[in-house]
Amino acid sequence: MQIVQSFKLLPAEAADRQAIISCIAAASGYTSSAVSGFHILKQSIDARGKQPYINLSVKAFINESFFVRQPTSIRYPSVQQSAHIAIVIGAGPAGLFAALRLIELGIRPILIERGKNVRARRRDLAVLNKEGIINPDSNYCFGEGGAGTYSDGKLYTRSNKRGNIDRILNLFVQFGADEKILYESHPHIGTNKLPQIITAMRVAIEGHGGTFLFEKKVQDLILDGDQACGVKTADGDTLYGNAIVLATGHSARDIFLMLERQKIKIEAKPFALGVRIEHPQEVIDKIQYGGNGFDLNHERSEYLPPASYSLVQQVDGKGVFSFCMCPGGIIAPASTNDNELVVNGWSPSKRNNPFANSGMVVTCEMADVVKLKDFKKYMSDVGISEASPLALMYFQKMTEHKAYELGGGKFVAPAQRMVDFCSNKISDSLPDCSYLPGLNSVDVGQCLPPFIHKSLQEGLKAFGKKMKGYYTNDAVIVATESRTSSPVRVPRDKVTLQHPQINNLYPCGEGAGYAGGIVSAAMDGERIADMVAASLKGM
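Here we summarise the structure given alongside this text. Here the structure is a predicted model, which is why all the values come from computation and not from measurement.

Parameters and conventions
- The numbers attached to residues start from 1 for each chain and follow its sequence in the written order.
- Per-residue local features are limited, in this predicted model, to residues with pLDDT of at least 70; the limit for side-chain atom pairs, both in listing and counting, is 80 or more; totals at the level of whole chains, interfaces and linings are taken over all residues.
- Note: side-chain values were computed over all heavy atoms of the structure, leaving out hydrogens and water.
- Stacked, edge-to-face and tilted are the three classes for Phe, Tyr and Trp ring pairs, Trp counted by its six-membered ring, which pair at centre distances within 6.5 Å; planes under 30 degrees apart are stacked, over 60 edge-to-face, the rest tilted.
- Accessible area is worked out with a 1.4 Å probe on protein chains only. A residue is then buried under 20% of its type maximum, exposed over 50%, and partly exposed in between.
- Put simply, DSSP marks the helices as runs of H or I at least four residues long and the strands as runs of E at least two long, and each gets a number from the N terminus on.
- Only when the NZ of Lys or the CZ of Arg is both within 6 Å of the ring centre and within 35 degrees of the ring normal is a charge said to sit over the ring.
- For two strands to pair, DSSP has to find at least two bridges joining them.
- Note on method: axes are straight lines fitted to C-alpha atoms, helices fitted across the in-contact stretch only, with angles between N-to-C directions ranging 0 to 180 degrees.
- Throughout, a contact is declared for two residues whenever any of their heavy atoms are within 4.5 Å.
- The rule for a disulfide is simple: a pair of cysteine sulfur atoms within 2.5 Å.
- Helix crossings fall into two classes, left-handed where the near helix is turned counterclockwise from the far one by less than a right angle and right-handed where it is turned clockwise.
- Classification convention: Asp, Glu, Lys, Arg as charged; Ala, Val, Leu, Ile, Met, Phe, Trp, Tyr, Cys, Pro as nonpolar; all other residues, Gly among them, as polar.
- Here, the term nonpolar core denotes a set of buried Ala, Val, Leu, Ile, Met, Phe, Trp, Tyr and Cys residues that are joined through side-chain atoms within 4.5 Å.

Here we take up the packing of aromatic side chains. Here the structure, examined in full by the defined rule, presents nine aromatic pairs. When the ring of Phe 61 is compared with that of Phe 66, the centres are 5.1 Å apart and the planes differ by 90 degrees; the resulting orientation is edge-to-face. Residue Phe 66 is classed as partly exposed on the basis of its relative accessible area of 32%. On the basis of an interplanar angle of 55 degrees and a centroid distance of 5.2 Å, the ring pair of Phe 97 and Phe 172 is categorised as tilted. With Phe 97 in helix 3 (residues 93–104) and Phe 172 in helix 5 (residues 165–174), the pair connects residues that are 75 residues apart, well separated along the chain. Taking relative accessible area as the criterion, Phe 172 reaches 2% and is therefore assigned buried. Ring pairs connect the aromatic residues Phe 61, Phe 66 and Phe 67, which therefore count as one cluster. Taking NZ or CZ as reference, Lys 8 lies 5.0 Å from the ring centre of Tyr 53, over its face. Above the face of the Tyr 514 ring, Arg 489 is positioned so that its terminal group lies 5.9 Å from the ring centre.

Printed below as a string of structure tokens:
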């Protein structure tokens, strides 16, 4: 007999297999010896009270043999001889999962990636962190695996309506991720483990007939009337396919410029902009877990993970919210060009660094931006109309350039202690920080639009009331967090998912404005692959 049961356990009990079996036995009325084993179905932390608990849902095996759970494994056919070819532009999660699904459906994918493979990419990140020198085609945003590979690997999404989340998680497990992601409430792989998983995906794609072309930048779409039939690359190559999947990520500004130049419709899309905030991890632990989350040495219990948080506040009609919270994490330079400063955060799988960081951002719409005098001047200087569909992209660019200048160069970031930031006071000193290129103590508000600056100030004060101890000068503000999502949307038909003007062109993932993270991008990639197959093969 198999039964499903749910429990609320102390952290130490939840980590003890025998304690869980005892709970199963007590709840079911059987003896412990009758319980041959169990699978964890869901696991989450409840830290709302003084005592943290672990919520567990399990499938228990009573008086029958226990079998080890086997995640779903997909067997891929060879598509080497397929008559159907799809060109996938971008090898991030949307592109990779689109390619895997295309193979599953009998279509040969050719993946074109402007950056390097996941291993070679690591060297460029080291140079960026240590020497302040950026490779515009190989960085935290560009390269095999996309932005998520070296910036955390969080797999949490609320996008239940966009696809099968469990299928995506099972595929990650198939390619090497820990089975825990199948039941944790906030699954996370970690930047140290994602490269091997991405490599395994590439090996599978190539082994079944797909092709990867690295360090190859798309320069033009080849159009035959209103049909997309291929691409031209910057090195002079021409590639043809039956479908073009545009999965280039939220930072591929050259692609947005290419689409505008070729008169292919694009639209401005609201996004969020702000800063990254870093606390000592022990501060967040004590706020979230309270005294009962610690041992006699005043250290966090070994049975509790580093604490995280999620915050949101309305300030004068603007949403201020935490974004991409990284417990036990590191702040990294996520710029894609020289003279522009972007920061992001990531955590290793163990989340064992001494700091906790999170984006803290404010919603930003065209109506907010067109009122700004410095934006009007900036657009005039670059010769772009304020009504351009790329206006928010240029606003993003302007803010990043200001941050770079305020930091002093080489991707040193402008920074300020939290209370000082809210009091408009330049900090006399800055706390230790995980950001390797370094910090410069300045008035961070100088690089932020006034409405963003004010909203953040008021939001942080409000968060201090919600989380006692959060509002502190032990926390540091680091600017600027500006690549939360794409500032451009590439429209697509709601039924066919093709561009409304160009047949066989499939905008996809976060860069096109249809996803917001690894899992949602992966699901969108699969959805696009299904539509490509429906169009090409009538499936």
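This part takes up the sheet that holds strand 9 (residues 238–240). Overall, antiparallel pairing links the three strands, which are arranged 7-8-9 in an open sheet. Every other strand in the sheet has two partners, leaving strand 7 (218–224) and strand 9 as the edge strands with one partner each. Each strand axis lies, on average, 30 degrees off the axis of its neighbour in the sheet, ignoring direction. For strand 8 (residues 227–233) and strand 9, the ladder comprises three bridges, and the chain directions are antiparallel. Paired with Lys 232 across the two strands is Thr 238, which belongs to strand 9.

The five strands lie next to each other as 6-5-4-10-22, forming an open sheet whose pairing is parallel. One side of each edge strand has no neighbouring strand; the edge strands of this open sheet are strand 6 (211–213) and strand 22 (505–507). Shown here is a sheet whose adjacent strand axes are inclined to one another by a mean of 20 degrees, direction ignored. By the bridge criterion, three bridges tie strand 5 (residues 108–112) to strand 6 in an arrangement that is parallel. If you follow Ile 112 over to strand 6, its bridge partner there is Leu 213. Along the sheet, helix 3 makes contact with strand 4 (85–89), strand 5 and strand 6, crossing strand 5 at roughly 165 degrees.

This paragraph deals with helix 7 (residues 253–261). The α-helix advances 3.6 residues per turn, and as a result positions three or four apart in sequence lie on the same side. Listed in full, the buried residues belonging to helix 7 are Arg 253, Ile 255, Phe 256, Met 258 and Leu 259. The inward-facing, buried residues of helix 7 abut strand 7, strand 10 (243–246), helix 11 (391–407), strand 21 (488–489) and helix 14 (509–512). Lys 263, located one to two residues past helix 7, shows a positive phi value of around 60 degrees.

Once that is clear, we can look at the pairing of strand 13 (residues 312–315). Direction of pairing for strand 13 relative to strand 14 (residues 318–326): antiparallel, over a ladder of four bridges. Bridged to Gln 314 within strand 14 is Gly 319. The hairpin formed by strand 13 and strand 14 contains two residues between the paired strands, and Asp 316 there has a positive phi angle of roughly 50 degrees.

As a further point, take the state of the cysteines. On inspection of all chains with the given rule, the structure shows zero disulfides. Left without a disulfide partner, Cys 141 is nearest to the cysteine sulfur of Cys 324, which lies 12 Å away. The class for Cys 141 is buried, based on a relative accessible area of 10%.

What follows deals with the packing of helix 7 against helix 11. Between helix 7 and helix 11, the shortest axis-to-axis distance is 12 Å and the interhelical angle comes to 145 degrees. Judged by the sense of rotation from one axis to the other, the crossing of helix 7 with helix 11 is left-handed. Only Met 393, Tyr 394, Gln 396, Lys 397 and Glu 400 of helix 11 make contact with helix 7, whose side of the interface consists of Arg 253, Phe 256 and Leu 257. Residues belonging to the contact of helix 7 with helix 11 are distributed by class as follows: four nonpolar, one polar and three charged.

Another aspect to go through is the nonpolar core. In this structure, Met 360, Leu 460 and Tyr 470 are the most contacted members of the largest nonpolar core, which totals 113 residues. By residue number, the principal contributor to this core is helix 11, which donates nine residues. What Leu 460 contacts, discounting residues up to four positions off in sequence, is Ile 277, Met 360, Met 418, Phe 421, Cys 422, Tyr 470, Tyr 471 and Ile 477. Ile 74, Ala 91, Ile 103 and Ile 528 belong to the second-largest nonpolar core, a separate cluster that totals 51 residues.

Two numbers describe a pair of packed helices, the interaxial angle and the distance between the axes. In the contact formed by helix 3 and helix 6 (residues 194–207), the axes pass within 10 Å of each other and the chain directions differ by 30 degrees. Like other packed secondary-structure pairs, helix 3 and helix 6 cross with a definite hand, here left-handed. Of helix 6, the residues touching helix 3 (which contributes Leu 96, Phe 97, Ala 99, Leu 100 and Ile 103) are Ile 198, Met 201 and Ile 205. Across the contact of helix 3 with helix 6, the residue classes tally to eight nonpolar, no polar and no charged.

With five bridges joining them, strand 14 and strand 17 (residues 355–364) adopt antiparallel strand pairing. Bridge pairing in strand 17 places Phe 323 opposite Gly 359.

Our next topic: unusual backbone geometry. Here the bond from Ala 479 into Thr 480 is cis, since omega is 0 degrees, no more than 30 degrees from zero. Along the polypeptide, Thr 480 turns up in strand 20 (residues 476–481). The phi angle at Asp 316 is positive, at roughly 50 degrees, despite the residue not being glycine. Within the fold, Asp 316 resides in the loop between strand 13 and strand 14. Overall, the relative accessible area of 62% leaves Asp 316 in the exposed class. The phi torsion at Leu 497 lies on the positive side, around 65 degrees, for a residue other than glycine.

Such coordinate-based values are descriptive only and should not be taken to indicate function.
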